Amino acid sequence: MKRLFLLFFAILLVSCAGKNEQTPPQQPQDTIAYQDAVDFPVYGKAYNDDGPRYRRLPDSLQGVVRDAVWKLGCNSAGLYVRFRSNAPEIHAKWTNTGYSMPHMTECGVGGLDLYAFIDGEWRFVGSGFDWEGTGRTEHQRKLVGNMEPKEREYMLYLSLYDEVKSLELGVPKDYVLEQPVLESPRNDAPIVMYGTSILQGGCASRPGMAHTNIISRRLDHTVINLGFSGNALLDMEIARFMTSVESPAVYVLDYVPNSKADRIQENGAEFFRILRDSHPDVPVIFVEDPLFPHGIVDKTNAEDVRSRNAAQKALYQSLVDAGESNIYYVSSQGMTASEDFVDGIHFTDQGMTHYADHLTPVLQKVLSSVKR
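Here, residues in each chain are numbered from 1, in the same order as that chain's written sequence. Reporting in this predicted model follows two pLDDT cut-offs: at least 70 for local features of residues, and 80 or more for side-chain atom pairs to be given and counted; totals over whole chains, interfaces and linings ignore these cut-offs and use all residues. As a convention, hydrogens and water are excluded, and side-chain values are obtained from all of the structure's heavy atoms.

**Comments concerning the nonpolar core**
Grouped together as the largest cluster of nonpolar side chains are 43 residues, with contacts concentrated most on Ile191, Val250, Ile285, Val287, Leu359 and Leu363. Only DSSP runs of H or I with at least four residues qualify as helices, and only runs of E with at least two residues qualify as strands; both kinds are numbered from the N terminus onward. When residues of this core are traced back to their parent elements, those giving at least two are β8 (152–157), β11 (186–195), α4 (197–200), α5 (211–219), β13 (250–254), β14 (284–287), β15 (327–330) and α9 (349–369). The biggest single contributor to this core is α9, with seven residues. Ignoring sequence-local partners within four residues, the contact set of Leu359 consists of Met193, His211, Ile215, Val287 and Val330. For this analysis, a nonpolar core means a set of buried residues of the types Ala, Val, Leu, Ile, Met, Phe, Trp, Tyr and Cys, connected via side-chain atoms within 4.5 Å. Throughout, exposure labels follow a simple rule: accessible area from a 1.4 Å probe, protein chains only, divided by the maximum for the residue type, with under 20% read as buried, over 50% as exposed, and the rest as partly exposed. Contact between two residues is taken to exist if any of their heavy atoms lie within 4.5 Å; hydrogens are not considered.

**Thoughts on the layout of surface pockets**
Here the term cavity refers to a set of points on a 1 Å grid, laid over the protein atoms alone, in which a 1.4 Å probe fits but cannot get out; the term pocket refers to an open set having protein on both sides within 12 Å along at least five of seven lines, with lining residues being those that place an atom within 4 Å of a point. Grid points are joined across faces, edges and corners, and a volume is the space filled by probe spheres set on the points. For the largest pocket, the calculated volume is near 380 Å³. The wall of the largest pocket is formed by 19 residues, among which Lys45, Ala46, Tyr47, Asn48 and Asn187 lie closest to the centre. Looking at the lining of the largest pocket, the element that brings in the most residues is β11, giving three residues. For this classification, the nonpolar set comprises Ala, Val, Leu, Ile, Met, Phe, Trp, Tyr, Cys and Pro, the charged set comprises Asp, Glu, Lys and Arg, and every other residue, Gly included, is treated as polar. Of the residues contributing to the lining of the largest pocket, the split by class is seven nonpolar, seven polar and five charged. Looking at the second largest pocket, its volume works out to about 190 Å³. In terms of lining, the second largest pocket is formed by Lys71, Leu72, Cys74, Asn75, Thr97, Tyr99, Met101, Tyr161, Asp162, Glu163, Lys165 and Ser229. Within the lining of the second largest pocket, the residues separate by chemical class into five nonpolar, three polar and four charged.

**A closer look at the side chain of Gln200**
The topology assignment puts Gln200 in helix α4. A polar side-chain atom of Gln200 sits 3.0 Å from the main-chain carbonyl oxygen of Leu160. Pairs of N or O atoms within 3.5 Å make up the polar contacts considered here, provided that, within protein, one atom can donate a hydrogen while the other can accept it, and that residues adjacent in sequence are counted only when both atoms are side-chain atoms. Within the local environment of Gln200, its side chain forms a polar contact with the backbone nitrogen of Ser229, the two atoms lying 3.1 Å apart. Excluding anything up to four places from it in sequence, Gln200 contacts Arg56, Leu72, Asn75, Ala77, Leu160, Tyr161, Asn225, Gly227, Phe228 and Ser229.

Take a look at the structure:
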């Protein structure tokens, strides 16, 4: 009997320890003052009004773009809120649809990611996600705490594969939330990137690790993320939407993982023409399909990737031969390593970093040539 009691007691202790490990204690909420994030600027959008605040596509495109593109355009990928505070801790409340995926973290799909400007650079300081399991639509978390109370600039990245429907920021009473003073990342000349689930952020562990957001911090430029999971099919409606961005610094076309060779051959030139005719001086970068690790043994996959990249290269070369200038090409050679993937297609944080490493030098070269 004594042994049974001791065994029961040990199990109880382990259970409590596990629960405490998974659900860290929260600040009593009556000491936290919340403010609607609509009071602070949101960046990464290609438009300012016309619809809910934390969507990538405006209401005017509903019924114009394909339904799958519209639904993905409601995701908040690449959007971030900027603010300033002197508080020792930062809290957030947000609502979303409760969407989840088996191969991506809750934090990446529907969570938040907080960066602070420290020692001249943006540094990750905390993330927000729900410890209570999938499917929840209302969330409340302390993002960071125990800080020295001093003025800091913050950047809060929003969810990659869900729509943030509402957002409130909280700090302890007697501290303030203020408008940002630092103009970083610069927003006057955004990098506009069009692509697939990889570009949208799959499968970064948290929003700040999407390669578009890594690039944004490295180059100090806002990146407009127009990644549409499984649906980067060279839709002309999206090309026309991209032209509506004021003063784009560069267009990056990274659609090949979704677009087969025949689609690139049929639609690629027209898609480019829409961009070039609207913004004749804006550089355009064409990106190849990554070489996926299973292509080493999967001959069908290897041939498919080869044919897509051959079509992309042929499109680029035809534009060069036609006299187009200010266009660039990024090969897949050296783009990724064999262990950069979650499922053979989508990236881990390591893969996202390698992808950003591959694209950043080209973007630096292009941006240095842009006169502004």
